[in-house]
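Chain residues, written in single-letter form:
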Amino acid sequence: MLRVTEPLRTERLLLRTLTADDLDDVFAYAGRDDVIRFLPWPKRNRDEVAEHLARRLNTTLASDGDVIVLGMELPPSPDDPAERPRIIGDMTLVLSSVEHRQATIGWVLNPEYQGKGYAAEAASRVLTLAFDDLHSHRVIAELDPRNTASSSLCTRLGMRLEAHFVHSEIFKGEWGDLAVYAILDVEWNARNALDG
Ligand SMILES: CC(C)(COP(=O)(O)OP(=O)(O)OC[C@H]1O[C@@H](n2cnc3c(N)ncnc32)[C@H](O)[C@@H]1OP(=O)(O)O)[C@@H](O)C(=O)NCCC(=O)NCCS
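Residues numbered from 1 in each chain as written. Predicted model: local features only at pLDDT ≥ 70, side-chain atom pairs only at ≥ 80, totals over all residues. Heavy atoms only, no water.

## Describing the UniProt feature "domain: N-acetyltransferase" (unreviewed entry) in the protein
UniProt's entry tags residues 13-187 with the feature "domain: N-acetyltransferase" (unreviewed entry), counted in the numbering of this structure. Helix makes up 28% of residues 13-187 and strand makes up 36%, while its end C-alpha atoms are separated by 25 Å. (UniProt positions renumbered as here; feature names shortened; annotations may be inferred. Helix = DSSP H or I, 4+ residues; strand = E, 2+ residues; numbered from the N terminus.)

Dropping the structure here:
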């Protein structure tokens with residue numbers, strides 16, 4: 001069981017539960033065609049993003065299928081302290097199986113903030129949460145193999161390509177492939193021991 005009650009800090013970000021007040025920032029990315037291209041999400045208008053956001057405020061992973069979503073909050077830059085903190089994307093952690101200690105990670109980042117290492121930084125913190133606090137044995141990411149930004153992120157995190165399923169689902173009206181990347185607790189710990 002895992003309950004996230006406090007924000008998690010990374011070098012440049014705060015990872016925290018989203019609130020209804022984050023709608024403008026979330027809509028700025030979740031409403032974009034280029035962002036949802038490889039996500040199993042329909043195109044949503046602002047009201048639909050608000051409804052989706054309202055279903056993503058859970059803070060506890062206790063049973064199979066439970067999901068938490070952590071917004072990636074970027075503090076104002078020191079050069080412009082009058083700027084407000086912004087939600088620039090979000091990280092999802094799913095408790096896929098309690099019995100088998102399996103979890104699934106997912107990520108979305110506003111394109112305005114891509115290419116700066118924010119997703120890797122946040123995902124790394126969420127993997128630590130999954131292994132150290134949720135005590136997962138294996139964490140996977142499932143993605144469309146055409147999504148090279150996402151597969152590169154998996155590789156950067158030390159995840160291995162375990163499977164490439166061909167035409168395993170109908171994705172947005174056409175046959176789609178599915179790639180599964182994974183990392184085990186022992187692999188994550190060995191990687192961190194090397195980094196440390
Ligand atoms: C998948 C996604 C989150 C990846 O975002 P990203 O910004 O490419 O990933 P990172 O934050 O790890 O940034 C890595 C890049 O930042 C660069 N970078 C710049 N400054 C950096 C820093 N200080 N630290 C680390 N990397 C840095 C890296 O070199 C790398 O560049 P490259 O892609 O040219 O090699 C993003 O493309 C996305 O949200 N896509 C749309 C939603 C989606 O498809 N989600 C996944 C569904 S499975």
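## What about the site of the ligand?
The ligand sits among 20 residues. The nearest are Trp 107, Leu 109, Gly 115, Ala 119 and Asn 147. Within the backbone of Leu 109, a nitrogen or oxygen atom sits 2.8 Å from an oxygen atom of the ligand. The separation between an oxygen atom of the ligand and a polar main-chain atom of Ala 120 is 3.3 Å. Coverage of the ligand by the protein chains reaches 66% of its 960 Å² of free accessible surface. According to the grid-proximity analysis, the pocket containing the ligand is the largest pocket. Of all the elements in the fold, those that place two or more residues in the shell around the ligand are β7 (102-109), α4 (118-133), β8 (138-143) and α5 (148-156). (Near = heavy atom within 4 Å. Polar contact = N/O pair within 3.5 Å; in protein donor to acceptor, adjacent residues only side chain to side chain. Areas by Shrake-Rupley, 256 points an atom, 1.4 Å probe, with all protein chains shown as cover. 1 Å grid on protein atoms, 1.4 Å probe; cavity = no way out; pocket = protein on both sides within 12 Å on 5 of 7 lines; lining within 4 Å. Sits in = over half its atoms within 2 Å of the grid points.)

## Points about the sheet that holds β8
The 8 strands are arranged β2-β3-β5-β6-β7-β8-β10-β9 in an open sheet whose pairing can be described as mixed. Strand pairing shows two members of the sheet lacking a second neighbour, β2 (8-9) and β9 (160-171), which therefore form its edges. By the bridge criterion, 3 bridges tie β7 to β8 in an arrangement that is parallel. What sits directly across from Thr 104, in β8, is Ile 140. The strands touched by helix α1 (residues 23-30) within the sheet are β6 (86-97) and β7, with β6 carrying the most contacts at an inclination of about 80°. In this fold α4 packs onto β2, β3 (14-17), β5 (67-74), β6, β7, β8 and β10 (174-184), with an angle of close to 30° to the strand it touches most, β6. (Pairing = 2+ DSSP bridges. Contact = heavy atoms within 4.5 Å. Axes fitted to C-alpha atoms, helices over the stretch in contact; angles between N-to-C directions.)

## Section: the nonpolar core
If you look at the biggest cluster of nonpolar residues, it comprises 40 residues, and the most contacted ones within it are Met 72, Leu 93, Ile 105, Trp 107 and Met 159. Where this core is concerned, the elements lending two or more residues are β5, β6, β7, α4, β8, α5 and β10. Broken down by element, this core gets its largest block of residues, 9 residues, from α4. Setting aside its immediate chain neighbours within four residues, Met 159 contacts Ile 105, Trp 107, Val 139, Ile 140, Ala 141, Cys 154, Tyr 181, Ala 182 and Ile 183. Listed in part, the 14 residues of the second largest apolar core include Leu 18, Ala 30, Leu 39 and Trp 41. (Core = buried A, V, L, I, M, F, W, Y, C linked by side-chain atoms within 4.5 Å. Buried < 20%, exposed > 50% of the residue type's maximum accessible area, 1.4 Å probe, protein only.)

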